[in-house]
Amino acid sequence: VREYDEQHFVFFATAHGTVKKTPLTEYAFRLARGKIAINLDEGDALVDAQLTDGEHDILLFASNGKTVRFAETAVRSMGRTATGVRGIRLAGGERVVSLIVAAASAAPELEDDDADDAIDAVADEAAVSQGDDDGVATILTATRNGYGKRTPLPDYPRKGRGTQGVIGIQTTERNGPLVGAVLVGATDEVLLISDAGTLVRTRASEISRVGRN
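It should be emphasised that the depicted structure is a prediction, and the values quoted were computed from it without experimental measurement.

Asks: Honestly, the overall build of the protein chain in this entry has me stumped. Any pointers?
Replies: Secondary structure assignment for the protein chain yields 2 helices and 13 strands. Taking all 213 residues of the protein chain together, 44% fall into the buried category. When the accessible surface of the protein chain is split by element, carbon and sulfur atoms take 46% of a total near 11100 Å².

Asks: How should I be thinking about the sheet that holds strand S3 (residues 46–52) in this particular structure?
Replies: Strand order across the open sheet formed by 4 strands is S3-S1-S2-S6, with antiparallel pairing between neighbours. Two strands bound the open sheet, and with one partner strand each, they are S3 and strand S6 (85–86). Alignment of strand S2 (residues 18–23) against S6, held across 2 bridges, turns out to be antiparallel. Across the sheet, the residue bridging to Val 19 is Val 85, located in S6.

Asks: Looking at this structure, I do not really get the environment of Leu 60. What am I missing?
Replies: Position of Leu 60 among the secondary structure elements: in strand S4 (residues 57–62). Relative accessible area serves as the criterion here: at 0%, Leu 60 is assigned to the buried category. In sequence terms Leu 60 and Ala 13 are 47 residues apart; their C-alpha atoms lie 7.9 Å from each other. Apart from residues no more than four positions distant in its own chain, Leu 60 is found in contact with Ala 13, Val 19, Lys 66, Thr 67, Val 68, Phe 70, Gly 87, Ile 88, Ser 98 and Leu 99.

Asks: Honestly, the pairing of S2 in this entry has me stumped. Any pointers?
Replies: Summarising burial for S2: 6 of the 6 residues are buried, a large majority. Sheet topology note: the strand S1 (residues 9–14)/S2 ladder contains 5 bridges and is antiparallel. Its bridge partner lying in S2, Ala 13 is registered against Val 19. A loop of 3 residues connects S1 with S2, the two strands running antiparallel in sequence, and Gly 17 in this loop sits at a positive phi of about 95°.

Asks: Help me out: how do you make sense of the pairing of strand S13 (residues 199–203) in this one?
Replies: Along any regular strand the residues' side chains alternate between the sheet's two faces. With 5 bridges connecting them, strand S12 (residues 189–193) and S13 associate as antiparallel partners. By the bridge assignment for S13, Ile 193 is matched with Leu 199. Remark: 5 residues form the turn of the hairpin made by S12 and S13, two consecutive strands paired antiparallel; Gly 197 in that turn has positive phi of roughly 95°.

Asks: In this structure, what is going on with the pattern of salt bridges? I would like to understand it.
Replies: Working definition: two side chains of opposite charge can pair if their charged atoms are close together. What the rule picks out here adds up to 5 salt bridges. With a closest N to O distance of 2.8 Å, Asp 57 and Arg 158 form a salt bridge. Judged on exposure class, the residue Asp 57 and its partner Arg 158 are both buried. Within this structure, Asp 57, Arg 69 and Arg 158 form a network of salt bridges that share partners.

Asks: What exactly am I supposed to notice about the confidence of the model for the protein chain here?
Replies: Close inspection of predicted coordinates is inappropriate in any region flagged by low pLDDT. Averaged over the protein chain, the pLDDT score is 86; the fraction of residues at 70 or greater is 86%. Taken together, the stretch residues 112–130 has pLDDT below 50 and engages in 43 contacts with residues farther than four places along the chain or on a different chain.

Asks: Help me understand the sheet that holds strand S5 (residues 66–71), please; the structure alone is not making it clear to me.
Replies: Strand-to-strand pairing in sheets goes through backbone hydrogen bonds, with the strands running parallel or antiparallel. Here 4 strands make up an open sheet; going across it, the order is S7-S4-S5-S10 and the pairing antiparallel. The open sheet has two edge strands, strand S7 (96–102) and strand S10 (166–167), and neither has a second partner. Here S5 runs beside S10; their pairing, made up of 2 bridges, is antiparallel. Residue pairing in the sheet places Lys 66 in a bridge with Ile 167 of S10.

Asks: Could you clarify how one ought to interpret the environment of Val 210 in this entry?
Replies: Inspection of the secondary structure assignment puts Val 210 in the segment after S13. Expressed as a C-alpha distance, the spacing of Val 210 and Thr 138, which sit 72 residues apart in the sequence, is 9.8 Å.

Conventions we followed
- Residues numbered from 1 in each chain as written.
- Predicted model: local features only at pLDDT ≥ 70, side-chain atom pairs only at ≥ 80, totals over all residues.
- Heavy atoms only, no water.
- Helix = DSSP H or I, 4+ residues; strand = E, 2+ residues; numbered from the N terminus.
- Buried < 20%, exposed > 50% of the residue type's maximum accessible area, 1.4 Å probe, protein only.
- Areas by Shrake-Rupley, 256 points an atom, 1.4 Å probe, with all protein chains shown as cover.
- Pairing = 2+ DSSP bridges.
- Contact = heavy atoms within 4.5 Å.
- Salt bridge = Lys/Arg side-chain N within 4 Å of Asp/Glu carboxyl O.
- pLDDT = per-residue confidence, 0-100.

As structure tokens, this is what we get:
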């Protein structure tokens, strides 16, 4: 960040599904001891923080394989010490694992009752221009047991903030829970590192592109 202007925000997501949007100007003055960026409830933890311009879509990915996508404008701007508001509804033991800021386009508007029956930009705009041959950006989801896939960004419907979302990937016994999601372009390479320190490097284009379900 070079300029702390009023047109940009810091968007936060926590493990318990809380989100918060704070004006970038709140961080303009440095303190040697640091600043409170977000107040966390007991047991909660920060998952990610992204720079936004207030006009993007937000995608939250949970360990149960569910994904919620909502307009950034659904979260009002609030101060540094605020706790935030609910971004996704989670059950016991589930947690948010990834936050993606995406272009506010190519997302069908669906109600909760219709979302799971739906079709089976981004902070880094380069990711969209580096989409597949059809120009569509994809989201790579990866599970604990090493399985993953790429799903076109438009397959994730835009819903209201605070809902439980739609299935982003099946968290079966074979797959295990979701551990991460990232926006990728066709020319990107992906490095997957296990907790044992084993690394696999592959082209994003070699990972299967399939629907949400």
